[in-house]
Amino acid sequence: MTNEKQNEAKVSLMEENKENQSDGGLGLEILQIIKESQQQHGLRHGDYQRYRGYCSRRLRRLRKTLGFKMGNRHKFIGKKITVEMLSDNRYLLLVLMEAERAWSYAMQLKQEANTEPRKRFHLLARLRKAAKHSEKLEKLCDSHRVDAKTKLEAQAYTAYLTGMVEFELQEWKLAMEAFNKCKTIYEKLASAFTEEMAVLYRQRVDEISPNIRYCAYNIGDQNAINDLMQMRLTGGGGGMMAEKLESLITQARTKQAATMSEVEWRGRSVPVKIDKARIFLLGLADNEAAIAQTANEETKEHLYETLLAECRDTIQAVREELKNETKQRERSSDADNGKVSNVQFLHSYLTYIKLCTLVKRNESMAHTLQAKLKEPEADESKRGPRPQDLIRLYDIILQSLAELSTLQGLEDDHTFQKEVSLKTLVYKAYRCFFIAQSYVLVKKWSEALVLYERVLKYAKEVQSKAKSLNNSLKDLPDVQELIAEVNAEKYSLQAAAILDTDDTVEVPSQQQVKDNTPLCKRLETFRLDPTLVGKKPNLVQFPPDFQPIPCKPLFFDLALNHVAFPPLDDKVEQKGKGGLTGYIKGIFGFGS
């Protein structure tokens, strides 16, 4: 705590020294000081109590450095800052911090007044106190010792706090005049100074604009409601105006609810007698249109949450009516137990709206996360989105679709059941896809490949069933894009699995069976083979097997059959006399 106080003191002294360096009289950057202080000390998170504590500590430091003490520890002696004392702009800063402290206390009480209505009286007292301090600041700035810019900023600050007081008192005309005065001054200042300061002034104008429109509507300007609705879509009207806008929209729908008598869904008309259900159903189309028009993801998320909260409250009101109807039907003997009652069917319709909104909200969040997954990580120290985050979203979507199929009154609606089953297949495919990607991150190649094949199986099943239900595919993600992405990821996975030489990767037992088939003969089949990246990869068979080839043709000498050779009888006889026969005759004496 001591270090925090020392840091605050250093920052304050630096700001005060900077403020003293002004030409042409004393100067004080009122709007810049309060904006920086608010952002650095709690208001970025809506913590008004922390900001009030900061204002109190800064006031004590300023009084101590200026020697402007209010008595001692035993006795309080009130002092007033006069024009003659304005030798240092820190006297102006002292009054500004008093106004900010009172304002922050009022905003803290406003948050607590939602559960404790009596605190509203204290809230108004603190707002009046803040406006009184701002008026004191404006009177001090009227002195010739203060420059013109500070005088204008003091007037705008006083007009802003005065408008806040009148706004809480519901004095719409006075509040509108004060806010318009503040807006005019800040617009003039934005056009006269540097771009850095102009941004601050324009931000303050944007904050004030919803209040002005709301005051105009309450005075009688019916066109202002359209501007307020547009501000709600763009994320304007935060803080005080958020609750005011919601209550204003509810009032407008309540006036229209008297004309609504029934609603038609799935070929059945159901009378709507509950006022809360009428108001909700009247605003359903507007809420859906607002969500469709919104480009800002934070605003879209806020609108989804608002719609779901309204839907839950309406379902609770219908459920109470359903309990009463069930008791009455149990007492009556001639009750028709076979047919779903109108109240029960209305309950099913509202539950259908709630579940469909949940599906759309989670799908929107999934699209946002998918876009972030594809972006390169700017800061590696911060944890970015992971496929596991998307798996959880698709789990919730599948759970909502499972509840849709069990709604009472729709058990025999075969078209509805087919639509729900088709949507279930689509989201199962996407869930399976991101489970596969999570396995890829931990290098479980075989599991990821099996899951990719299952994604393709789901996608082909969707395409085969979608021919009879073309209307059901309008709001669903494109399965064809998923198939193309899966094919690309599958081939990338196969390449990564082959190139992965990490020995710690577990290979399933089925993959470890020895197969001497070389790679050139199984190019169409993917199989993890660690030997392919080793020193002796089995790419081709060497030496190759002997294969039969056609032999050379034999050439026969056919001309020999037609050649006439000369007689050789005389040579044959001579050969016989001196041959083996003559030798044998000589041995036995036949030739002697």
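Note that the structure is a prediction, hence the values are computed from the model and not measured.

Enquirer: Which parts of the structure should I look at to understand the pairing of strand β2 (residues 268-271)?
Expert: Burial along β2 is one-sided: Arg268 and Val270 are buried, and none of Ser269 and Pro271, which face the opposite way, are. As defined by bridge partners, strand β1 (residues 262-265) adjoins β2 across four bridges and the pair is classed as antiparallel. Residue pairing across strands places tryptophan 265 opposite arginine 268, the latter belonging to β2.

Enquirer: Would you explain a positive patch on the surface in this entry?
Expert: Residues Lys80, Lys129, Lys132 and Lys136 make up a contiguous surface patch of positive charge. As for its placement among the helices and strands, lysine 132 is situated in helix α5 (residues 119-141). Residue classification places lysine 132 among the exposed positions, given a relative accessible area of 55%.

Enquirer: Even after reading the chapter, I still don't get the side chain of asparagine 362, so can you show me in this structure?
Expert: Along the chain, asparagine 362 falls in helix α13 (residues 342-374). The exposure class assigned to asparagine 362 is buried, which follows from its relative accessible area of 1%. When neighbours within four sequence positions are excluded, asparagine 362 is seen to be in contact with Leu393, Ile396 and Ile397.

Enquirer: Would you mind showing me how to read the packing of helix α11 (residues 275-293) against α13 here?
Expert: In a packed pair of helices, the relevant descriptors are the angle between the two axes and the axis-to-axis distance. Contact geometry for α11 and α13: axes closest at 13 Å, N-to-C directions at 20 degrees. Judged on the interaxial angle alone, α13 and α11 are roughly parallel. The interaxial crossing formed by α11 with α13 has left-handed handedness. Residues Phe280, Leu281, Leu284 and Glu288 of α11 form the contact with α13, whose own contacting residues are Leu346, Tyr349, Leu350, Ile353 and Lys360. Class assignment for the residues of the contact of α11 with α13 results in seven nonpolar, no polar and two charged.

Enquirer: Got a minute to help me understand the pattern of salt bridges in this structure?
Expert: Opposite charge on two side chains permits pairing when their charged atoms draw close. Applying the stated criterion across every chain, the model contains 16 salt bridges. Where arginine 202 meets glutamate 195, a salt bridge forms, and the shortest distance between an N and an O atom there is 3.2 Å. For glutamate 195, a relative accessible area of 53% translates into the label exposed. Residues participating in the shared-partner salt-bridge network are Lys35, Arg204 and Glu207.

Enquirer: Is there a simple way to explain the packing of helix α4 (residues 90-112) against helix α6 (residues 148-168) in this structure?
Expert: It is the contact of α4 with α6, at a shortest axis distance of 13 Å, that shows an interaxial angle of 25 degrees. When the axes of α4 and α6 are compared, the pair comes out roughly parallel. Crossing handedness for the pair α4 and α6: left-handed. Residues Leu96, Ala99, Glu100, Trp103, Met107 and Lys110 of α4 form the contact with α6, whose own contacting residues are Tyr157, Leu161, Met164 and Glu168. Of the residues belonging to the contact of α4 with α6, the class tally is seven nonpolar, no polar and three charged.

Enquirer: What exactly am I supposed to notice about the packing of aromatic side chains here?
Expert: Here a ring pair, both rings aromatic, is described through the centre-centre distance and the interplanar angle of the planes. Scanning all chains against the criterion turns up 18 aromatic pairs. With a centroid separation of 6.2 Å and an interplanar angle of 25 degrees, the aromatic rings of tyrosine 51 and tyrosine 54 are classed as stacked. Here tyrosine 51 pairs with tyrosine 54, and both are found in helix α3 (residues 48-66), just three residues apart, close to one helical turn. With respect to class, tyrosine 51 is no different from tyrosine 54; both count as buried. Taken together, a centroid distance of 5.5 Å and an interplanar angle of 75 degrees make the contact between tryptophan 172 and tyrosine 214 edge-to-face. With tryptophan 172 in helix α7 (residues 172-192) and tyrosine 214 in helix α8 (residues 195-219), this pair connects stretches of sequence that are 42 residues apart. As far as burial versus exposure is concerned, tryptophan 172 and tyrosine 214 are alike and both buried. These aromatic residues form a ring-pair network of at least three members: Tyr394, Tyr427, Tyr430, Phe433, Phe434 and Tyr452. One cation-aromatic arrangement involves arginine 52 over tyrosine 105; the distance from NZ or CZ to the ring centre is 4.0 Å.

Enquirer: Any chance you could explain α5 here in plain terms?
Expert: Helix length check: α5 (23 residues) gives 33 Å between terminal C-alpha atoms against 33 Å at 1.5 Å per residue, within 8%. Among the residues making up α5, those that are buried are Leu123, Leu124, Leu127, Ala130, Ala131, His133, Ser134, Leu137, Glu138, Leu140 and Cys141.

Enquirer: Explain the environment of methionine 107 here, please?
Expert: Its location among the elements puts methionine 107 in helix α4. Residue classification places methionine 107 among the buried positions, given a relative accessible area of 6%. When the C-alpha positions of methionine 107 and arginine 126 are compared, they lie 9.1 Å apart, and in sequence the two are 19 residues distant. Setting aside residues no more than four positions away along its own chain, methionine 107 makes contact with Tyr48, Leu127 and Met164.

Thresholds applied
- Residues numbered from 1 in each chain as written.
- Predicted model: local features only at pLDDT ≥ 70, side-chain atom pairs only at ≥ 80, totals over all residues.
- Heavy atoms only, no water.
- Buried < 20%, exposed > 50% of the residue type's maximum accessible area, 1.4 Å probe, protein only.
- Helix = DSSP H or I, 4+ residues; strand = E, 2+ residues; numbered from the N terminus.
- Pairing = 2+ DSSP bridges.
- Patch = residues over 30% accessible without salt bridge, like charges linked within 9 Å, V, L, I, M, F, W, Y side chains within 5 Å.
- Areas by Shrake-Rupley, 256 points an atom, 1.4 Å probe, with all protein chains shown as cover.
- Salt bridge = Lys/Arg side-chain N within 4 Å of Asp/Glu carboxyl O.
- Lys, Arg positive; Asp, Glu negative; His and termini not counted.
- Charge placed at Lys NZ, Arg CZ, Asp CG, Glu CD.
- Contact = heavy atoms within 4.5 Å.
- Axes fitted to C-alpha atoms, helices over the stretch in contact; angles between N-to-C directions.
- Parallel < 35°, antiparallel > 145°, perpendicular 65-115°, else oblique.
- Left-handed = near helix turned anticlockwise from the far one by under 90°.
- Nonpolar A, V, L, I, M, F, W, Y, C, P; charged D, E, K, R; others polar.
- Phe/Tyr/Trp six-rings, centres within 6.5 Å; stacked < 30°, edge-to-face > 60°.
- Lys NZ or Arg CZ within 6 Å of the ring centre and 35° of its normal.
- Expected span 1.5 Å × (residues − 1).

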